[in-house]
Amino acid sequence: FPLDGPAPIYENDQTAILMVNANQPTPHVCHVDIQWFAINDWKEAGDIIMHFIPGILNPSDDLTKPLGWVLHTRHARHLMGYY
């Protein structure tokens, strides 16, 4: 499916969004080599756009974190297409 614009990437980490938008790492990630920041190249090329999504609405949390039954049910239904 072709996109009409940049592909949206939803992130619940404000620091990650700021780092991509500033096109440089923060002092806390100095251990990461800048050559591996391909996301900055994608942002500069206009291929992606970063959006903030609160953790309570982030369905990927269901795959990466131990959640209580309420959040798990909400995210699992969303991932299966049952909104």
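Basis of the calculations
Residues numbered from 1 in each chain as written. Predicted model: local features only at pLDDT ≥ 70, side-chain atom pairs only at ≥ 80, totals over all residues. Heavy atoms only, no water. Helix = DSSP H or I, 4+ residues; strand = E, 2+ residues; numbered from the N terminus. Buried < 20%, exposed > 50% of the residue type's maximum accessible area, 1.4 Å probe, protein only. Contact = heavy atoms within 4.5 Å. Areas by Shrake-Rupley, 256 points an atom, 1.4 Å probe, with all protein chains shown as cover.

Caption draft 1: Examining the overall build of the chain more closely. Regarding its fold elements, the chain presents 4 helices and 2 strands. Start at the N end of the chain and walk to the C end: the helices and strands fall as β-α-α-β-α-α. Per-residue burial over the chain gives 19% buried out of 83 residues. For the chain, the proportion of contacts with a sequence separation of at least 24, taken over those separated by at least 6, is 44%. In the form shown here, the chain has an accessible surface area of approximately 6500 Å², with 61% of it arising from carbon and sulfur atoms.

Caption draft 2: How the structure looks around the side chain of H75. Note that H75 resides in helix α4 (residues 69–79). Its relative accessible area of 2% is what places H75 among the buried residues. Among residues more than four places away in sequence, those in contact with H75 are G55, I56, L57, N58, P59, D61, D62 and L67.

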